[in-house]
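Descriptive structure summary
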Amino acid sequence: MREQLTKSDVMKIEEEIEYRKLVVRKEAIEAVKEARAHGDLSENFEYHAAKKDKNKNESRIRYLERMLKTAEIVSDDSKEDEVGINNTVTVYFEEDEEEQTFRLVTSIRGNSVKNLISTESPIGKAILGRREGERIPVKVNNDYSYYIVIKKIENTSEDENDAIRGY
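None of the values given here were measured: they were computed from a predicted structure.

1. Quick word on the pairing of strand S6 (residues 135-139)
- Burial along S6 is one-sided: the residues Ile136 and Val138 are buried and none of Arg135, Pro137 and Lys139 is.
- Two strands pair when backbone bridges link them, and S6 and strand S7 (residues 145-155) are joined in this way by five bridges, in the antiparallel orientation. By the bridge assignment, Arg135 is partnered in S7 with Val149.
- Counted between consecutive antiparallel strands, the loop separating S6 from S7 contains five residues.

This is the structure in structure tokens:
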């Protein structure tokens, strides 16, 4: 399945690729050169660690470039009264009689600890495109589902979006 990215996601990924190529790559190459200068490579832990870090960076660059090449660009625009990507949504869980607030994001930015809910998650799929006050079934699997009610929808400014770097 192709990764869904917003234009903002693409810009942040491009920034990370550039940073990794211009800064991290140079640092990694220097670390390998310095460790190589310490002598016998067969028992040189610093050399092996530096090579591993360099390879990890190169792997991350290839991964991000491949993601950009195959990604589907989706819009984060939505109607004012409807849930869209980057909207903050307060949801009432009927079963638990509790409210929780999430921000709906693309799958690469999903992070339940930070209440960033992916459009690919059961709740994300259920609320995308819905309106305030709607009662919606959330299907977890064939045997279990529950109901939620959308209490509030807020537009989230671009400044509040989390950076991808570090994922």
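2. Structural notes on the sheet that holds strand S5 (residues 116-118)
- Strand order in the open sheet formed by five strands is S5-S4-S3-S7-S6, and the pairing between neighbours is mixed. The strands lining the two open edges of the sheet, one partner per strand, are S5 and S6. Shown here is a sheet whose adjacent strand axes are inclined to one another by a mean of 45°, direction ignored.

3. Overview of the packing of aromatic side chains
- What the rule picks out here adds up to three aromatic pairs.
- A ring pair is formed by Phe93 and Phe102, whose centres lie 6.2 Å apart and whose planes are at 80°; its orientation type is edge-to-face. Both residues of the pair, Phe93 and Phe102, belong to the buried class.
- An aromatic cluster of at least three residues, connected via ring pairs, comprises Phe93, Phe102, Tyr144 and Tyr146.
- Lying over the aromatic face of Tyr147, Arg135 brings its terminal NZ or CZ to 3.8 Å of the ring centre.
- Lying over the aromatic face of Tyr92, Lys151 brings its terminal NZ or CZ to 5.3 Å of the ring centre.

4. Topic: the confidence of the model for the protein chain
- Within the protein chain, residue pLDDT values average 86, and 92% of them lie at 70 or more.
- Scored below 50 in pLDDT, residues 159-167 makes 28 contacts in the model with residues more than four places away or belonging to other chains.

5. Observations concerning a nonpolar patch on the surface
- On the surface, a cluster of nonpolar side chains totalling about 240 Å² of accessible area is made up of Tyr19, Leu22 and Val23.
- Turning to its location among the elements, Tyr19 is positioned in helix H1 (residues 7-36).

Criteria and thresholds
Residues numbered from 1 in each chain as written. Predicted model: local features only at pLDDT ≥ 70, side-chain atom pairs only at ≥ 80, totals over all residues. Heavy atoms only, no water. Buried < 20%, exposed > 50% of the residue type's maximum accessible area, 1.4 Å probe, protein only. Helix = DSSP H or I, 4+ residues; strand = E, 2+ residues; numbered from the N terminus. Pairing = 2+ DSSP bridges. Axes fitted to C-alpha atoms, helices over the stretch in contact; angles between N-to-C directions. Phe/Tyr/Trp six-rings, centres within 6.5 Å; stacked < 30°, edge-to-face > 60°. Lys NZ or Arg CZ within 6 Å of the ring centre and 35° of its normal. pLDDT = per-residue confidence, 0-100. Contact = heavy atoms within 4.5 Å. Patch = residues over 30% accessible without salt bridge, like charges linked within 9 Å, V, L, I, M, F, W, Y side chains within 5 Å. Areas by Shrake-Rupley, 256 points an atom, 1.4 Å probe, with all protein chains shown as cover. Salt bridge = Lys/Arg side-chain N within 4 Å of Asp/Glu carboxyl O.

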